[in-house]
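# A closer look at the structure
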Amino acid sequence: MRVLVAMSGGVDSSVAAARLADDGHEVVGATLKLWGGASDTGCCSVADVDDARRVADRLSIDHHTFAYAEEFEAGVVGPYVAAHAAGATPNPCMACNREVKFGALLARADRLGFDAVATGHHARVAVGDDGVRRVARGADAAKDQSYVLAGLDHERLGRVLFPVGSSTKDVVRAEAAARGLRTAAKPDSQDVCFITRTEGRSRFLGRRLALTPGRVVDRAGAPVGTVDAVEAVTIGQRRGLGLPGGTAPRYVLATDPGTATVVVGSEDDLRVPEQPVTAVGWAAGPDDGELAWQASAHGGLRPGRFAADRVRWTARQRRIAPGQALVAYAGDVVVGWATAAR
Amino acid sequence: MAPDPVVPTYLDHAASTPMRPEAVEAMVPFLTTHHGNPSGSHAAARHARRAVDDARDAVAALVGCRPGEVVFTSGGTEADVTALVGASLGPGPLAVSAVEHAAVRDTAHALAARGVPVVELPVDGRGRVDLDAVPANAALISVGLANNEVGTIHPLDALAERAPGAVIHTDAVQAAAWLDLPTLAAPAHLVALSAHKLGGPKGVGALVVREGTACAPLVTGGGQERGRRSGTPNVPGIVGFGVAARMAVEERAAKAGRVAALRDRLATGLLAAVGTAVETVVPAGSDRNHVLPGHLHLCLPGTAADEVLFLLDQEGVAATAASSCASGATSPSHVLAALGVADDVARGSLRLTLGWSTTEADVDRALTVIPPVVAKAAA
């Protein structure tokens, strides 16, 4: 096969490329330049592109750099900012996988004559008895990335390879070291690549939005504190709300930038019997049986059943911020996905 | 059966053109046996000094200046930066065209950030500065003699008339291989050159500083190059530059005519084969006398430059979209934006540049390979 490997400059995609080359595929590496200028730091910096190129050199495969800054802005960062402006908290990695890596890049790979796109994601592709391909968890439970790949359908999964999904991270690192790849000991990437740890989410949003200072009220509407930016507050949060100490912990139950209000309540108030959802999708048709739902990249599993426009929890669960993805698993296999609604 | 070997078709001469074998040959002694530092006084030093001065004479002949006005640098970028930083002494503004190479453009931005007044001069659809926008009190005007992306040749005499008190700097890096600099660069007080664009090695260039023009050194130190550029001169590079400069002068007219004919054949063929292609800065029916002989810049609506370049590379055709950032990804062209080319058209830009070693066979192969690649990328 002719395979285009998306090489981030990290250890996983380095080993992914090496394994594909070993398997005799015609492999070309590509690094996506998604963000930042020539002297940036963090994700897809020049240093990362350099690492990817030098690994490709070591593997004797061609390497190209593709500029996807416009697609990344339009499909990932812009929607991320707009969602926060509306009081929602989306997962930008899912948008990037859908719009950029397995959207624009996969379409480009087609035009350029490739049979498949490979990435270094820790995930696998499972084919059910029904012949339908589904995303499945990677072998390393702690590094599993199936959550952020949910939404890839049968057709796209037929043109996608995850060569390290069957290995634990330790094995991947050891293999990289044994192959003499310079990325063997490189730290794992951060959560949201376009927000640096030093800047943080609030300051990033502050550069892109007019942030709304807000009142913090209890469930009865009585004011109890203030926040600098309603847009940077997330459901379930308990710190940074300007609340006096000495009382029982209070959690964010709801946010509304429109009325500049954050509602807080007890942990019990945070627990609800059902979660409204929107943008529901299924790998192979709706399933109203009990499934295990995951609401963040490494979050716990919540048993519940899908019904029309909501998930009914088997036992009460914490509220989920609007915009967050809910991914339904049957065992290790992704069978459905949805977005938390208000 | 093994596939036919891919014959590389090199159409990126504006990025770097192959070295003239004569230049390589002349450099070899200075990389092997002749290791003297030209600043010394012994025989080995004097030998190196003589070689550098021979090259200086050749570069002076290329530009039509006195040898003492040639300051060797590490390349075109250093020459541009030296000119802007060294000569932008105010009090009037620094005026730069909107289509300058990044060496000028980003330096102007850096100077603006330090408080130097900077004016960007808009250009017309061919890439020529709007003379009405030139401030009469400009202290320094920087306009490239020929644009690196689209190849437009810029007359400098009108600029000089517009702002008689201004120091004029021109980036002649692309022009030097093709144009009669003694005539066309005559209005400029400062002229930037690069060796590897005309068949010399990378890592060497020159700034011509005409007598009487104030230009403070950027690189200070041991006072080499008459105090205008310190640091031990790159003797082998300068020797190669000198040979390439001499050959550029000797061959200029014949080479320009031969390559322009090849370029015209390539342009005519591609425009006929790719119906959607639009030639940049050359309106339909126009001649190309205002464009460098080796330059052909096209926009291919409906394609992405990255994809066309990838497919061409697979076919052994080397070209570019005209500007690359440090990571190697193509970035939107400020030149096309300044020319008024719509974003969605500019996205499919393709720069094909021919040079001294380009052959009829190269053009034949480009005409065979490029149209199907464009069709594939536009699918």
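The coordinates are above.
Residues numbered from 1 in each chain as written. Chains lettered and ligands numbered in written order. Predicted model: local features only at pLDDT ≥ 70, side-chain atom pairs only at ≥ 80, totals over all residues.

## Digging into the overall build of chain B
Of regular secondary structure, chain B possesses 11 helices and 12 strands. Relative to the globule expectation of 21 Å for 379 residues, the C-alpha radius of gyration of chain B, 21 Å, shows essentially globular dimensions. In terms of overall dimensions, chain B has a C-alpha envelope of 65 × 55 × 35 Å along the principal axes. In chain B, which comprises 379 residues, the share counted as buried stands at 53%. Long-range contacts, defined as pairs at least 24 residues apart, comprise 72% of the intrachain contacts of chain B with a sequence gap of at least 6. (Helix = DSSP H or I, 4+ residues; strand = E, 2+ residues; numbered from the N terminus. Rg over C-alpha atoms; globule rule 2.2 N^0.38 Å. Buried ≥ 20, exposed ≤ 12 C-beta atoms within 10 Å, placed from the backbone. Contact = placed C-beta atoms within 7 Å.)

## Thoughts on the overall build of chain A
Secondary structure assignment for chain A yields 9 helices and 17 strands. Considering only C-alpha atoms, chain A reaches an extent of 65 × 50 × 35 Å along its principal axes. Here chain A holds 342 residues, and the buried ones make up 46% of them.

## Some remarks on the packing of helix α3 (residues 76-87) of chain B against helix α4 (residues 102-113) of chain B
Residues and elements named next belong to chain B. Where α3 meets α4, the axes come as close as 9 Å, and the angle between the chain directions of the two elements is 35°. Crossing angle aside, the handedness with which α3 passes α4 is right-handed. Contact residues: α3 offers Gly76, Thr77, Asp80, Val81, Leu84 and Val85, while α4 offers Ala103, Val104, Thr107, Ala108 and Leu111. Here the contact of α3 with α4 is composed, by residue class, of 7 nonpolar, 3 polar and 1 charged. (Axes fitted to C-alpha atoms, helices over the stretch in contact; angles between N-to-C directions. Left-handed = near helix turned anticlockwise from the far one by under 90°. Nonpolar A, V, L, I, M, F, W, Y, C, P; charged D, E, K, R; others polar.)

## As for the pairing of strand β13 (residues 290-294) of chain A
Residues and elements named next belong to chain A. As defined by bridge partners, β13 adjoins strand β14 (residues 301-307) across 5 bridges and the pair is classed as antiparallel. Counterpart to Glu290 in the pairing with β14 is Arg305. Hairpin connection from β13 to β14: 6 residues lie between these consecutive antiparallel strands. Looking at chain direction, β13 and strand β16 (residues 325-330) are connected through 3 bridges and run antiparallel. Among the inter-strand pairings, Trp293 is bridged to a residue of β16, identified as Ala328. (Pairing = 2+ DSSP bridges.)

## Here we look at the packing of helix α1 (residues 11-22) of chain A against helix α2 (residues 46-59) of chain A
Residues and elements named next belong to chain A. At a closest axis distance of 10 Å, the pairing of α1 and α2 adopts a crossing angle of 20°. Considering their axes alone, α1 and α2 lie roughly parallel with respect to each other. Here α1 and α2 pass one another in a crossing that is right-handed. Contact with α1, carried on its side by Ser14, Ala17, Ala18 and Ala21, involves Val55, Ala56 and Leu59 of α2 and no other residues of that element. Here the contact of α1 with α2 is composed, by residue class, of 6 nonpolar, 1 polar and no charged. (Parallel < 35°, antiparallel > 145°, perpendicular 65-115°, else oblique.)

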